[in-house]
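# Breakdown of the fold
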Amino acid sequence: MEGSVSFWQGVYCLCVLVRFLNLLAKHARYRCSEPLKQFLDNKPLPPRALAKLSVFRRATNIVKDKGLQSKKDPDDYFHGQRAFISESHQGMKDVNVVFHQQLVAQRQFAMSLGALASNITKAGSVACCSNDNHSKLMARFGQAMDQCQQAETTLAATSENTFAFNFCVFERYLESGKDMLHRRLRLLAESEAAAAAAVKAKPAAKPKAEEARETAVQKFEEISKLGRTELSLFHQLRVHSLQSALVAYCQAQISTGRDTYAMLARSLSELRQIEE
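The paragraphs below set out a description of the structure included in this document.

Reading the values: rules and limits
Residues numbered from 1 in each chain as written. Predicted model: local features only at pLDDT ≥ 70, side-chain atom pairs only at ≥ 80, totals over all residues. Heavy atoms only, no water. Helix = DSSP H or I, 4+ residues; strand = E, 2+ residues; numbered from the N terminus. Buried < 20%, exposed > 50% of the residue type's maximum accessible area, 1.4 Å probe, protein only. Contact = heavy atoms within 4.5 Å. Areas by Shrake-Rupley, 256 points an atom, 1.4 Å probe, with all protein chains shown as cover. Phe/Tyr/Trp six-rings, centres within 6.5 Å; stacked < 30°, edge-to-face > 60°. Lys NZ or Arg CZ within 6 Å of the ring centre and 35° of its normal. Core = buried A, V, L, I, M, F, W, Y, C linked by side-chain atoms within 4.5 Å. Salt bridge = Lys/Arg side-chain N within 4 Å of Asp/Glu carboxyl O. Patch = residues over 30% accessible without salt bridge, like charges linked within 9 Å, V, L, I, M, F, W, Y side chains within 5 Å.

Attention now goes to the overall build of the protein. Of the regular secondary structure elements, the protein holds 6 helices and 0 strands. Within the protein, the fraction of its 276 residues that count as buried is 25%. Taking as baseline every contact in the protein between residues at least 6 positions apart, the subset at least 24 positions apart corresponds to 79%. Entry remark: accessible area of the protein is about 19600 Å², with carbon and sulfur atoms responsible for 61%.

This is the structure we're talking about:
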């Protein structure tokens with residue numbers, strides 16, 4: 001069913017795209033566009049040539065990215081932010097993995113408590129015929145284990161909704177910040193290359209080279225200005241959200257711990273009364 005739905009969605013998208021291209025081809029202004037004519041008339045490359053071109057582009061991008069990673073940013077603020085976000089991103093990924101492993105272990109422990117409670121209750125019902133007092137002890141002990149299982153499940157759900165959620169969100173935020181700083185470095189390299197080309201340009205090509213340099217510098221300044229604003233807001237949001245998550249997590253731990261302690265104390269008292 002899901003496969004058929006995705007198939008018909010693909011057919012619908014293809015029909016919409018064909019209709020859009022037909023409208024562009026009939027448009028009074030856009031049908032005279034040379035790039036559009038090239039796009040509609042050009043034949044696609046053979047699969048083997050397309051695969052070679054894709055591999056070559058990927059290898060070129062990897063080499064460029066490796067070179068940009070070792071490039072020092074002339075702005076100390078962005079250089080420090082790049083180092084901080086890169087280290088924080090790796091640290092957040094590690095913490096996220098460890099915390100989710102803890103959640104999995106906590107849920108497995110809760111399931112084990114539930115299985116133990118079920119087995120104890122069954123054993124108490126089997127022993128009902130031989131010893132009524134023993135049956136009551138087993139039934140009450142099974143109820144206590146079942147309540148412990150509910151407490152552990154609640155605690156795991158609260159942890160998942162507070163810390164685990166924030167870890168996942170901020171891991172993605174840090175990845176976005178890392179990508180933004182990488183794009184800024186690319187624009188910096190492009191502006192430096194455009195400035196060098198403008199210096200070496202011949203008189204006939206000088207105006208065009210100067211225009212390309214100004215465009216590259218303008219793009220670099222825009223992303224730098226936007227980056228400062230976004231990074232400042234991100235750090236404020238990060239600190240506030242982590243503080244809120246930590247408070248909610250600690251409150252849930254304390255509240256659940258108190259409830260569990262009171263429940264176990266009450267169950268222990270009832271078990272002693274049954275023994276007497």
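That shown, we press on.
Time to look at the packing of aromatic side chains. In this structure the tally under the stated criterion is 6 aromatic pairs. Between Phe 99 and Phe 167 the ring centres are 5.4 Å apart and the planes differ by 85°, which places this aromatic pair in the edge-to-face class. Taken together, the residues span a long stretch of sequence, with Phe 99 in helix H4 (residues 76-126) and Phe 167 in helix H5 (residues 132-200) at a distance of 68 residues. Like Phe 99, the residue Phe 167 is buried in the burial classification. Ring centres 6.3 Å apart and planes at 80° place the aromatic pair Tyr 173 and Phe 234 in the edge-to-face group. With Tyr 173 in helix H5 and Phe 234 in helix H6 (residues 206-275), the pair connects residues that are 61 residues apart, well separated along the chain. Residue classification places Phe 234 among the buried positions, given a relative accessible area of 11%. Among the aromatic residues, those joined into a cluster by ring pairs are Phe 99, Phe 167 and Tyr 249. Its guanidinium or amino end placed over the ring of Phe 78, Arg 184 lies 3.9 Å from that ring's centre, counting from NZ or CZ.

It is worth spelling out the nonpolar core at this point. Phe 99, Phe 163, Leu 181 and Leu 231 are the most contacted members of the largest nonpolar core, which has 16 residues in total. For this core, the elements supplying multiple residues, two or more each, are H4, H5 and H6. Element by element, the count of residues in this core is highest for H5, at 7 residues. Discounting chain neighbours no more than four positions away, the residues touching Leu 181 are Phe 78, Gln 81, Arg 82, Ile 85 and Leu 231.

Opposite charge on two side chains allows them to pair when their charged atoms are near. All chains considered together, the criterion is met by 3 salt bridges. The partner of Arg 213 in a salt bridge is Glu 210, with the nearest N and O atoms 3.0 Å apart. Highlighted residues: Arg 213 and Glu 210, both in helix H6, separated by 3 residues, approximately one helical turn. In this structure Glu 210 comes out as partly exposed when scored by relative accessible area, which is 25%.

Another aspect to go through is a nonpolar patch on the surface. Taken together, Leu 14, Leu 17, Val 18 and Phe 20 make up a surface patch of nonpolar side chains, about 390 Å² in accessible area. Its location among the elements puts Phe 20 in helix H1 (residues 2-26).

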